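Structural overview for review
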Protein chains: 2
Amino acid sequence: MASLLRLRTATLTGLLVLLTTPLLSQAPPALRDRISAWRQQHEGAILRELAELLSLPNVASDSVAIRANAVHLLGMLERRSIVTRLLETPGSPPAVYGELRTPGATRTVMFYAHYDGQPVDSSRWTTPPWRPVLRSRALFEGGVEIPLPGPGERIDPEARLYARSASDDKSPIVALLAALDAMRDLGISPSVNLKVFLEGEEEAGSPHLRAMLERRRELLAADVWLFADGPVHQSRRPQVVYGVRGVIGLGLTVYGPNRPLHSGHYGNFAPNPNARLVHLLSSMRDAEGHITIAGFLDDVPPITAADRRAFASIPDIDGTLRAEFGLARSEANNAPLAERLMLPALNIDGLEGGGVGAGHANVIQPVSHAAIDIRLVPGQQVARVRELVERHIRGQGYTIVTEEPDSAMRAQHDRLIRVTWSGGYPATRTPLDHPMARAVASTATATLGTPVIEVPLLGGSLPLFHFEEVLGAPLIVLPMVNHDNNQHGADENLRIANLWEGIVLYAGMLGSFEV
Amino acid sequence: MASLLRLRTATLTGLLVLLTTPLLSQAPPALRDRISAWRQQHEGAILRELAELLSLPNVASDSVAIRANAVHLLGMLERRSIVTRLLETPGSPPAVYGELRTPGATRTVMFYAHYDGQPVDSSRWTTPPWRPVLRSRALFEGGVEIPLPGPGERIDPEARLYARSASDDKSPIVALLAALDAMRDLGISPSVNLKVFLEGEEEAGSPHLRAMLERRRELLAADVWLFADGPVHQSRRPQVVYGVRGVIGLGLTVYGPNRPLHSGHYGNFAPNPNARLVHLLSSMRDAEGHITIAGFLDDVPPITAADRRAFASIPDIDGTLRAEFGLARSEANNAPLAERLMLPALNIDGLEGGGVGAGHANVIQPVSHAAIDIRLVPGQQVARVRELVERHIRGQGYTIVTEEPDSAMRAQHDRLIRVTWSGGYPATRTPLDHPMARAVASTATATLGTPVIEVPLLGGSLPLFHFEEVLGAPLIVLPMVNHDNNQHGADENLRIANLWEGIVLYAGMLGSFEV
């Protein structure tokens, strides 16, 4: 493998001269066809390598299992002559780091994925989460178990592979390595230096990531970070995502009497914490999602003309989504999803304040709880948002505590609220006109032969701010997996067609990336 | 026993002449002293009879157990020469009916109690619910198990008897029968005819009561119904209660997407049912209990001067209650409890819309539920209240359904709500100036030697409206048990002093009731 690499880098040196003349570079359509033809000869081998990786349990909290994954990944990378090392900070799971230098290359592309997965509730899985099962179709389409293809055999691209992390986020790693294999076999040299950073605690909230980045600032320097995570567009078309919303978790507990009271004898006398909570929550946002906390929207940037051009690249699937979700109408009179995601959101995720239905008792509850997540857009700072929310709560007459108040505290303060913040981090966004943004979009479009969708800001959140704040490189999310992958849930799966497309896409980023 | 009764009725005939001259009637203070002296000689026997009754399981749904209670009660009544019969309607548990005629008496007093009890969660009881246990004090005061007193032995009146229905509602039955025993032994004849109606399904919501009353209208005719149910005042002073609030149960379910959605990807797009619910609930009442549904308060009668005079008889324990409940303030700036209970209440008893705390997930929920009870005051009609609430909900843009909507229904209606009404019945109230109201209050005051508290309207609800609507007799609640009895919960108990007082009180109603 090492000698092959040398051969390839030699070829690359020659190509680099050509790369200065874009028209003569490895033409993307040809690349796509050649990679696809190669893949058709290797479907079984690619799927077997992926299945082997997916058979390793990988819940972030299981440090022994996580390390076994890391060691396994080292082997996979080294088989492609990638120079590897494990990165660790005290108490952290290892991150798998790799480097594949291209002599003469002036750009370095960092490829990010994570190899840990969400915890599983095995009882809810059709087949065990770490026994990868190939099915002829998706389960919801009646897919049945089929064997992995043998050498030279092909399978229907609508088949799906079921396993924890099949989509989130092991398959991009295999796609990248398959792309390298194909390029090696086809004599296509990378146009860039490749760095690989495979995180082992993303699903656990990346508690050691910041320290790791700060410790390895120079090692991790790159011209662009490509995050191979998350799904392609719901239309199944490829997308490039330039930013993600931030998020803060917010728990609220309001208090009534110190024990449940008969609602007949004490209704209208003992304060009802459910009533207090619904009024407080109602004061924070309206039913259409508009946040009514003073100052909250001050730091929200307006939607620009460039944003609107990007929106135009996004297929209008709003009506399809409404039908899929069984909705007569979406918020704010069917305002476009892409625009809605440019705004902060205050989501009331949970309410808990006494039984309902068969559990209904006529009592005034001692406490009532709400669980909220606030999605932040670029420009909003976590500390400022917390300050505004707390100021608003105080403005409603509440005294804020951060720990469970004792009975004396409850008896002293009429409107007492426990506020619990968790997991706050800001949004990150690479400007649409950043040279790296343009290069990734044009390379992806040219490679795939179809205009990629450009998403200014993903609704979901990823803690990319660590990378932005520590490393300062532009961050771009370049997903490959299907959106209907049951990510985080039972029966997580990968649609095989997405794996094939991912191999082409990442080969394009390595073989024909141009700035 | 039958011969004793004859002897007693003979004595009564003579006394009736005297009764026309109030000053010469059996003087209440003497009655109190004589009954108490008798009781001191019979504490063990009274408690054993009560414990025997309490050892019979009596959950309303257990028809075999309920019938065993009824048969046991027949025996208890018949031992006092009460003419008994079981009243039944199709599917109903039996009500135990009894009659003790007093020759020449012009008034008939109906004594109501119920012998069924709330379901139990035995795991939460200190001792089993149907093994009556006498304790030296309340459990919360460190009471330890003590034996029932032997013949002639006395016990501390602060002792408590623990068992299901010790307070709610078997002990008033034993108090009444002990009063009859005492009067018999002391040669005190009743001044009234006594009827007894012991219900067997009160804790199950009295589903057959109406039919039973309608079928036995003449049999159940009386000048006044005395309801021996509920507790005395929290100050431990005796009270006469002239009315109860009505109640309706209301379940609300509002809808979002047909499955939980990622709050990042779809927050601000998919309607959040928790947000909708908090706005709807906020529109129905404010945080201080004021109901903001249009027209809701139109039928609420103003508080009268007579009401205020009655309030003045009620000890001001509001501050004590606030301290007991750990409240810095009660609703509406510490407005008096008695006044607050004259108003309808909209109690939000339960909220359920996704996990909080450790169960918090960043999702938009498919549904959000609220459980509400509405307490009604005299003048409000159930049908009208339902109409006003539904009109209000429609006014908030909702389409109301009464069954779980299917997906097509959900997809057709933006704001869909499932409204479930349960258990609605109106308040009942006997006017403070009704002759029977005055007679019960003056008899109780004279008998006990202390002014009874007069409560125009109890905050809690009892389905007394059936009695009012079918029988038309004035209804007065004359409780005897301690307020801190853990009614409906684990470790239900009776404070023995309350039993002793109950015997005197009911003896007064039988022996010196004057209109």
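The structure under discussion appears in the preceding block.
Below or above, wherever it landed, is the structure these notes cover. (Residues numbered from 1 in each chain as written. Chains lettered and ligands numbered in written order. Predicted model: local features only at pLDDT ≥ 70, side-chain atom pairs only at ≥ 80, totals over all residues. Heavy atoms only, no water.)

1. Re the overall build of chain A
Test applied: Secondary structure is summarised from DSSP: a helix means a run of H or I of at least four residues, a strand means a run of E of at least two, and numbering begins at the N terminus for each. Throughout, the radius of gyration refers to the C-alpha atoms, and the reference size of a globule is 2.2 Å times the residue count to the power 0.38. Residue burial is assigned from relative accessible area. The probe radius is 1.4 Å, only protein chains are included, and a residue is buried under 20% of its type maximum, exposed over 50%, and partly exposed in between. Whether two residues touch is decided by their heavy atoms; if any such pair falls within 4.5 Å, the residues are in contact. For accessible areas, the Shrake-Rupley method is used with a probe of radius 1.4 Å. Any residue's cover is judged against the shown protein chains and nothing else. For the charge count, each Lys or Arg is scored as positive and each Asp or Glu as negative, with His and the chain ends excluded. Charged groups are reduced to one reference atom each: NZ for lysine, CZ for arginine, CG for aspartic acid, CD for glutamic acid.
When you go through chain A residue by residue, the secondary structure sums to 17 helices and 21 strands. Taken over C-alpha atoms, the radius of gyration comes to 25 Å for chain A, in line with the 24 Å a tight globule of 515 residues would show. The principal-axis extent of the C-alpha atoms belonging to chain A is close to 85 × 50 × 45 Å. Among the 515 residues that make up chain A, the fraction classed as buried is 60%. Sequence separation of 24 or more characterises 80% of the internal contacts of chain A that already satisfy a separation of 6 or more. For chain A, the computed accessible surface area is about 18400 Å², with 54% contributed by carbon and sulfur atoms. Of note, chain A has its 48 positive side-chain charges centred 2 Å away from the centre of its 55 negative side-chain charges.

2. Quick word on the nonpolar core
Rule in force here: Among the buried residues, those of types Ala, Val, Leu, Ile, Met, Phe, Trp, Tyr and Cys that are joined through side-chain atoms within 4.5 Å form a nonpolar core.
Leu198(B), Leu499(B), Ile503(B), Tyr506(B) and Phe513(B) are the most contacted members of the largest nonpolar core, which has 74 residues in total. When sequence neighbours within four positions are dropped, the list of residues in contact with Leu499(B) reads Ile46(B), Leu47(B), Leu50(B), Ser171(B), Ala175(B), Met480(B) and Leu494(B). Core analysis: the next-biggest nonpolar cluster, separate from the first, contains 73 residues, Ile35(A), Ile46(A), Leu226(A) and Leu499(A) among them.

3. So, the interface of chain B and chain A
The cut-off we apply is this: When two components associate, each loses some accessible surface as probed by a 1.4 Å sphere; the sum of these losses over both components is called the buried area. We count a salt bridge whenever a side-chain nitrogen from Lys or Arg sits within 4 Å of a carboxyl oxygen from Asp or Glu. Pairing of N or O atoms within 3.5 Å defines a polar contact, subject to two protein rules: one partner must be a possible hydrogen donor and the other a possible acceptor, and residues neighboring in sequence count only if both atoms are side-chain atoms.
Between chain B and chain A, the contact holds 81 residues from the first and 82 residues from the second. Between chain B and chain A, a total of about 6600 Å² is buried, with carbon and sulfur atoms accounting for 54% of that surface. Viewed at the interface, chain A and chain B are joined by six salt bridges. Across the salt bridge formed by Arg329(A) and Asp414(B), the nearest N and O atoms sit 2.8 Å from each other. Joining chain B to chain A, the criterion identifies 45 residue pairs in polar contact (both at pLDDT 80 or more). Here the element with the most residues in the side of chain B that touches chain A is helix α8 (residues 273-284) of chain B; it accounts for eight residues.

4. Here we look at the relation of the copies chain B and chain A
For clarity, the cut-off: Here the copies are matched by least squares. The fit uses the C-alpha atoms of residues with pLDDT of at least 70 in both.
With an RMSD of 0.1 Å, the fit of chain B onto chain A corresponds to turning through 180 degrees and sliding 0.1 Å along the axis. Both chain copies can therefore be described as sitting about a two-fold axis. Mapped onto chain A, 100% of the interface residues of chain B are again interface residues, and the two copies thus contact each other with one and the same surface.

5. Considering the environment of Leu432(A)
All names here are of chain A. Its location among the elements puts Leu432 in the loop between β17 (428-429) and α15 (435-448). Given a relative accessible area of 12%, Leu432 falls into the buried group. Sequence separation of Leu432 and Gly243 is 189 residues, and the distance between their C-alpha atoms is 9.5 Å. Once residues lying within four places of it in the same chain are set aside, the contact partners of Leu432 are Tyr242, Ala306, Asp307, Ala310, Ala437, Arg438 and Pro456.

6. A short note on the pairing of strand β12 (residues 345-352) of chain B
Residue and element names in this part refer to chain B. To be explicit about the condition: What makes two strands pair is DSSP finding at least two bridges between them.
Within β12, seven of the eight residues are buried, which leaves the element mostly enclosed by the surrounding structure. With seven bridges connecting them, β12 and strand β14 (residues 367-376) associate as antiparallel partners. In the sheet register, Gly350 faces β14, and the bridge partner there is Ala371.

7. Looking at the packing of helix α15 (residues 435-448) of chain B against helix α17 (residues 496-511) of chain B
All names here are of chain B. Under the convention used in this document: To obtain each axis, a line is fitted to C-alpha atoms, and for helices this fit is confined to the stretch in contact; angles are then taken between N-to-C directions over 0 to 180 degrees. Every angle not falling under 35 degrees, over 145, or within 65 to 115 is termed oblique; those three ranges are roughly parallel, roughly antiparallel and roughly perpendicular. Two helices crossing with the near one rotated counterclockwise from the far one by less than a right angle form a left-handed crossing, whereas a clockwise rotation gives a right-handed crossing. When residues are grouped by polarity, Ala, Val, Leu, Ile, Met, Phe, Trp, Tyr, Cys and Pro land in nonpolar, Asp, Glu, Lys and Arg in charged, and all others, Gly among them, in polar.
Remark: α15 packs on α17, axes separated minimally by 9 Å, with the N-to-C direction vectors making an angle of 130 degrees. In terms of their interaxial angle, α15 and α17 are classed as oblique. Note on packing geometry: the crossing formed by α15 with α17 is right-handed. Taking contact as the criterion, the partners of Val440, Thr443, Ala444, Thr447 and Leu448 in α15 are, on α17, Glu501, Val504, Leu505, Gly508 and Met509. Residue composition of the contact of α15 with α17, grouped by class: six nonpolar, three polar and one charged.

8. Brief notes about the sheet that holds strand β21 (residues 493-495) of chain B
All names here are of chain B. Overall, antiparallel pairing links the four strands, which are arranged β5-β4-β6-β21 in an open sheet. Each having just a single partner strand, β5 (145-146) and β21 make up the two edges of the open sheet. Pairing of strand β4 (residues 133-135) with β5 involves two bridges; the strand directions are antiparallel. Residue pairing in the sheet places Arg135 in a bridge with Glu145 of β5. Most of the contacts of α17 go to β21, to which it runs at about 65 degrees, and overall it touches β4, β6 (160-162) and β21.

9. Some words on the pairing of strand β3 (residues 108-114) of chain A
A regular strand places its side chains on the two faces of the sheet in alternate fashion. All names here are of chain A. The buried count for β3 comes to seven of seven residues, which makes it a mostly enclosed element. Covered by surrounding structure in β3 are Thr108, Met110, Tyr112 and His114 together with Val109, Phe111 and Ala113, the residues of both alternating faces. Strand direction decides the pairing type here: β3 and strand β7 (residues 193-199), joined by seven bridges, are parallel. When the bridges of β7 are listed, Tyr112 appears paired with Phe197. With four bridges connecting them, β3 and strand β8 (residues 224-227) associate as parallel partners. The residue bridging Met110 from the neighbouring strand is Trp225, located in β8.

10. Here's the deal with the sheet that holds strand β21 (residues 493-495) of chain A
Read from one edge to the other, the open sheet built from four strands follows the order β5-β4-β6-β21 (chain A), with strand pairing classed as antiparallel. Two strands bound the open sheet, and with one partner strand each, they are β5 (145-146) and β21 of chain A.

11. Description of the packing of helix α3 (residues 43-54) of chain B against helix α5 (residues 171-186) of chain B
Residues and elements named next belong to chain B. α5 packs onto α3 with a crossing angle of 145 degrees between their chain directions and a minimal axis gap of 10 Å. Classified by chirality, the crossing of α5 by α3 is right-handed. Facing α3, whose interface residues are Ile46, Leu50 and Leu53, α5 presents Ser171, Val174 and Ala178. Considering only residue class, the contact of α3 with α5 consists of five nonpolar, one polar and no charged.

12. With respect to helix α9 (residues 305-313) of chain B
Helical periodicity: at 3.6 residues per turn, an α-helix aligns residues three or four positions apart in one direction. Residue and element names in this part refer to chain B. Operational definition: By construction, the arc corresponds to the directions joining the helix axis to the C-beta atoms.
Of the positions making up α9, those classed as buried are Asp307, Ala310 and Phe311. Projected down its long axis, α9 carries its buried residues within an arc of 105 degrees, all on one side. More than 90 degrees from the buried face of α9, the exposed residues found are Ala305, Arg309 and Ala312. The inward-facing, buried residues of α9 abut α12 (337-340), β17 (428-429) and β18 (453-455).

13. Brief notes about the packing of aromatic side chains
Let me state the cut-off plainly: Working definition: rings of Phe, Tyr and Trp (its six-membered ring) pair if their centres are within 6.5 Å, and the pair is stacked with planes under 30 degrees apart, edge-to-face with planes over 60 apart, and tilted otherwise. By the criterion adopted, a ring carries a charge over it if an Arg CZ or a Lys NZ lies within 6 Å of its centre and within 35 degrees of its normal.
A full pass over the atoms with the stated rule returns 22 aromatic pairs over all chains. Ring geometry for Trp225(B) versus Phe467(B): centroids 4.7 Å apart, planes at 50 degrees, classification tilted. Highlighted residues: Trp225(B) in strand β8 (residues 224-227) and Phe467(B) in helix α16 (residues 465-471), separated in sequence by 242 residues. Exposure remark for Trp225(B): the relative accessible area of 0% places this residue in the buried category. By the ring-pair criterion, three or more aromatic residues cluster together here, those being Tyr112(A), Phe197(A), Trp225(A), Phe227(A) and Phe467(A). A cation over an aromatic ring shows up here: Arg135(A) above the ring of Tyr162(A), its NZ or CZ 5.6 Å from the ring centre.

14. Quick notes on the pattern of salt bridges
Residue and element names in this part refer to chain A. In total, this model carries 66 salt bridges over all chains according to the counting rule given. The closest approach of N and O atoms between Arg80 and Glu49, which form a salt bridge, is 2.7 Å. Separated by 31 residues along the polypeptide, Arg80 in the loop between α4 (63-78) and β1 (83-87) and Glu49 in helix α3 (residues 43-54) bring together distant segments of the chain. Classification of Arg80 by relative accessible area gives buried; the value is 8%. Given a relative accessible area of 14%, Glu49 falls into the buried group. Bridged by salt links that share partners, the residues Glu49, Arg79, Arg80, Asp181, Arg184 and Asp185 form one connected network.

15. A look at the side chain of Asn498(B)
Residues and elements named next belong to chain B. When you line up the elements, Asn498 lands in helix α17. A distance of 2.9 Å separates a polar atom in the side chain of Asn498 from the backbone oxygen of Met480. Looking at Asn498, its side chain comes within polar contact range of the side chain of Arg495, at 2.5 Å.

16. Notes on the environment of Ser283(A)
All names here are of chain A. The residue Ser283 is located in helix α8 (residues 273-284) in this model. Spatially, the C-alpha atom of Ser283 lies 9.0 Å from that of Ile393, the residues being 110 residues apart in sequence. Setting aside residues no more than four positions away along its own chain, Ser283 makes contact with Thr292, His392 and Gln396. Among the polar contacts made by the side chain of Ser283, one reaches the main-chain carbonyl oxygen of Leu280 at a distance of 2.5 Å.

17. Quick word on the side chain of His233(A)
All names here are of chain A. For His233, the position within the fold is in the loop between β8 and β9 (239-241). A polar atom in the side chain of His233 sits 2.7 Å from the side chain of Ser235. With near-sequence residues (within four places) excluded, His233 lies in contact with Gln239, Ile314, Pro315, Ile317, Ile453 and His483.

These figures come from the coordinates and say nothing about function on their own.
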